Amino acid sequence: MKILVAVDQNPYSAKTAKVVAELAANTWANVTILGVLPRRSPAGKLAASAEDWNMEHPLPRALLEYQKKFLSHFKKDACPYTQRNFGYQLIEVRKGVWEELYVAKSARKDLKARIRLGNPVNEILAEARQEEVDLIVMGCDHSEGCQWEELGGIPQKVVNAATCSVLVAKEEKEVNKIVCCLDHDLVSQQSLEMINQLVTLHQAKLEIIGLTEGRELKAEVERKMDTILRYYTARGLEPWIEIVELASLDAFISQEAQWGLMALWMGKRSMLEKVFPKAKVSRLIKGSEYSVLILR
Amino acid sequence: MIRALILVDNRLASGIALRYACRLANQTGMDLQTIYIEEAEREVRPPGTGWVKRTWEKGLLVSAGAEISRLIDEEKPTCPTLRKAKMVVGDRQMEILRELDEGSYDLFIEGTLYAFNPSNFQVNLEARLSGGFPCPILMVKNFVELKKAALLLEDTTDLWSLVPSFFKTLEGAHLEFDLLHVKFTKPGRLSFREDEGGVEAADGGEIDERIASARKMLAEAGWSPQGTGVLRGVPVGVADDLQDYSLVVACLPRQTAGKNAMLELLSRVPSAVLVCRQ
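Calculation notes
- Residues numbered from 1 in each chain as written.
- Chains lettered and ligands numbered in written order.
- Predicted model: local features only at pLDDT ≥ 70, side-chain atom pairs only at ≥ 80, totals over all residues.
- Heavy atoms only, no water.
- Axes fitted to C-alpha atoms, helices over the stretch in contact; angles between N-to-C directions.
- Helix = DSSP H or I, 4+ residues; strand = E, 2+ residues; numbered from the N terminus.
- Parallel < 35°, antiparallel > 145°, perpendicular 65-115°, else oblique.
- Left-handed = near helix turned anticlockwise from the far one by under 90°.
- Contact = heavy atoms within 4.5 Å.
- Nonpolar A, V, L, I, M, F, W, Y, C, P; charged D, E, K, R; others polar.
- Buried area = accessible area lost by both parts, 1.4 Å probe.
- Salt bridge = Lys/Arg side-chain N within 4 Å of Asp/Glu carboxyl O.
- Disulfide = S-S within 2.5 Å.
- Buried < 20%, exposed > 50% of the residue type's maximum accessible area, 1.4 Å probe, protein only.
- Domains from an automatic or database assignment.
- Polar contact = N/O pair within 3.5 Å; in protein donor to acceptor, adjacent residues only side chain to side chain.
- Pairing = 2+ DSSP bridges.
- Expected span 1.5 Å × (residues − 1).

Trainee: Which parts of the structure should I look at to understand the packing of helix α1 (residues 11-27) of chain A against helix α5 (residues 189-202) of chain A?
Mentor: Geometrically, a packed helix pair is captured by the angle between its two axes and the distance between the axes. All names here are of chain A. Remark: α1 packs on α5, axes separated minimally by 10 Å, with the N-to-C direction vectors making an angle of 115°. Relative to α5, α1 is oriented roughly perpendicular. Remark: the crossing between α1 and α5 carries right-handed chirality. Contacts from Val19, Glu22, Leu23, Asn26 and Thr27 in α1 reach Gln197, Leu198, Thr200 and Leu201 in α5. Here the contact of α1 with α5 is built from residues that sort into four nonpolar, four polar and one charged.

Take a look at the structure:
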């Protein structure tokens, strides 16, 4: 699994680094912490490279802090991200014969800190595309309307344009419940596993939503929901099931977003992609006090 | 030993109810008889009588039979008291009622998925109550571990219906439960929960008396609530307070004339509900 953590120098990004560390401790994901500097420097000059920026800029320093914070979550000898010792070791080169060789072992998993220059939305999406990440994680502050600096609505724009899953993490409230709107015929195994990780991480209650056009679920959706129910039950989770008619979806989401983390499966050809347009996704991210996970 | 009749079909709600009932049976030793009812479309009349009718009914049951058997066979290894399904053709309500009368069951169990729009649940439960089911009804909405129950009283609750239904049905379950008095308010007022001793003076005396009476009846049967309290609010608000219970137990009248607040409350909790008729 590859996780891209997009950060700026605000406190919510530090909290996001902690969320990702907890997630990475369970999944042993390869993690990239990405900061984006605008091309135009504070002095108004167009920067051609990072060197044109004074390294006193808060973002590079913040990235180092986040990296430290991320690593501090792991015990030193059990951390998959630290470079392990270089040195001479006795290695059995053939049966009964040992030789002292110089051994260099790399970390088992990657932890990178990167800075890109340009428009934050474009650069985050470009990094996600080029590195083929599975999940983008971004923090934002509910009280500030989920804005990033003065640039406005960056998490919302990333969520709507990304082709992979995106978690917008808010840390104002403890997550007691994770509500998943899953389009059951198409939802991927990886998405189910990601929900599993989040439920375990937060020790939260899991609620699975079945969307229906009429009063009853279609038989094939029921079969898939039964499979999902058994999948989670076998893992020691006991999800609740709730049926929501599409006509009530807006009311349901705005009500439930007050109570816990909302996870929406919006992959290609998903029902939600059709009935829950980008403007509503943006409003949900902006208005929710809890984290929002868009699964793809 | 409690004898329960459980309605099964090939829907998700039925599968959840069956698993929940098996879990309950393992705790209580309950005997579980399953029944499948194939409802012929109303406009289709049986062709003839006697052998012709029976052959026609058999044909209707053939396709469902294998699936129902598979459903029961899946649970049977972990649920020894689960019996093979009785396969019947006819009107669902009438056939359930007939079987409940003939088999002298103590409990009827049915699955119904928890829905944001609770009207299906309300219509279904109202039909079962007005149909004159002779025993308590357990409506299972979700498959969760039976950890803690809420036993709900209202001013109008007949304790002689509620309390025995509760302890007879759950005998042997070693279940933790709270005894809660519900006072419904009009929309616009906030709901809140008061612990024992914090009841308002205006109606506190009456509520205390009812709680004490219920406690006494429970104690005589060897049951003791973990906590007692009062829930005040509109049905939706009180339902929010009951989210952490895995079973809610209450009484409803046979005919719920107009809007019944307790029926609305029961439709809005995600857990299973055990309803006795008064």
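Trainee: Looking at this structure, how should I read the interface of chain A and chain B?
Mentor: It is common to give the size of an interface as the accessible area lost on bringing the parts into contact. Across the contact, 23 residues belong to chain A and 24 residues belong to chain B. Between chain A and chain B lies a buried interface of about 2100 Å² when both sides are counted; carbon and sulfur atoms form 49% of it. On the chain A side of the interface with chain B, the three residues burying the most area are Glu222(A), Glu238(A) and Trp240(A), jointly 30% of the side's total. Our count for the contact surface shared by chain A and chain B stands at five salt bridges. Glu238(A) is paired through a salt bridge with Arg23(B); the nearest N and O atoms lie 2.9 Å apart. Elements with a minimum of two residues in the side of chain A that touches chain B: α6 (219-234), β10 (240-245) and α7 (249-256) of chain A. Taken together, the residues of the side of chain A that touches chain B break down into eleven nonpolar, three polar and nine charged.

Trainee: I keep staring at the state of the cysteines and nothing clicks. Help me out?
Mentor: In a disulfide, the sulfur atoms of two cysteines are covalently bonded to one another. Scanning all chains against the criterion turns up one disulfide over all chains. Disulfide pairing places Cys251(B) opposite Cys276(B) at an S-S distance of 2.0 Å. Measuring the twist about the S-S bond at about -80°, one finds the Cys251(B)-Cys276(B) disulfide to be left-handed. Residue Cys251(B) is located in strand β10 (residues 247-252), and its partner Cys276(B) is located in strand β11 (residues 272-277); the two are separated by 25 residues in the primary sequence. A residue is classified by how much of its surface remains accessible, and Cys251(B), at 4% relative accessible area, is buried. Of all cysteine sulfurs, the one in Cys181(A) lies closest to Cys180(A), which takes part in no disulfide; the gap is 8.1 Å. Accessibility expressed as a relative area gives 1% for Cys180(A), which makes it buried.

Trainee: What exactly am I supposed to notice about the domain arrangement of chain B here?
Mentor: All names here are of chain B. As far as domains go, chain B holds domain 1 (3-111) and domain 2 (148-277). At the interface, six residues of domain 1 touch nine residues of domain 2. For the pairing of domain 1 and domain 2, the buried interface totals around 510 Å² over both sides, and the portion due to carbon and sulfur atoms is 59%. Together, Tyr20, Gln27 and Thr28 form the three largest contributors to the area buried by domain 1 at its contact with domain 2, with a combined 64%. Remark: the boundary between domain 1 and domain 2 carries zero salt bridges. There are two residue pairs in polar contact (both at pLDDT 80 or more) connecting domain 1 and domain 2. Counting residues per element, the side of domain 1 that touches domain 2 draws most heavily on helix α1 (residues 12-28), at four residues.

Trainee: Would you explain the packing of helix α3 (residues 120-130) of chain A against helix α4 (residues 154-161) of chain A in this entry?
Mentor: Residues and elements named next belong to chain A. The geometry of α3 relative to α4 is characterised by a closest axis approach of 9 Å and an angle of 40° between their N-to-C directions. It follows from the interaxial angle that α3 and α4 lie oblique. The two elements α3 and α4 meet at a crossing, and its hand is right-handed. Residues Pro120, Val121, Ile124 and Leu125 of α3 form the contact with α4, whose own contacting residues are Ile154, Lys157, Val158 and Ala161. For the contact of α3 with α4, the residue count by class is seven nonpolar, no polar and one charged.

Trainee: Hey, could you run me through the sheet that holds strand β7 (residues 165-169) of chain A in this one?
Mentor: Note: strands within a sheet are paired through backbone hydrogen bonds, in either parallel or antiparallel orientation. Residue and element names in this part refer to chain A. Taken in spatial order, the ten strands line up as β5-β2-β1-β6-β7-β12-β11-β8-β9-β10 in an open sheet, and their pairing is mixed. At either end of the open sheet lies a strand with only one pairing partner, and these are β5 (111-117) and β10. When the angles between neighbouring strand axes are averaged without regard to direction, this sheet yields 20°. Inspection of the sheet shows strand β9 (residues 205-212) paired to β10 by six bridges, in the parallel sense. Each bridged residue has a counterpart across the sheet, and for Thr212 the counterpart in β10 is Glu245. Along the sheet face, α1 touches β1 (2-7), β2 (30-37), β6 (135-139) and β7 and points at about 145° away from the line of β6.

Trainee: Honestly, α6(A) in this entry has me stumped. Any pointers?
Mentor: Each full turn of the α-helix corresponds to 3.6 residues, which orients residues three or four apart in the same direction. Given a rise of 1.5 Å per residue, 16 residues ought to cover 22 Å, and the 22 Å separating the end C-alpha atoms of α6(A) matches this to within 8%. Taken together, the buried positions of α6(A) are Val221(A), Glu222(A), Met225(A), Ile228(A), Leu229(A), Tyr231(A) and Tyr232(A). The elements touched by buried residues of α6(A) are α5, β9 and β10 of chain A together with α1 of chain B. Remark: Gly236(A) follows α6(A) within two positions and exhibits a positive phi of approximately 80°.

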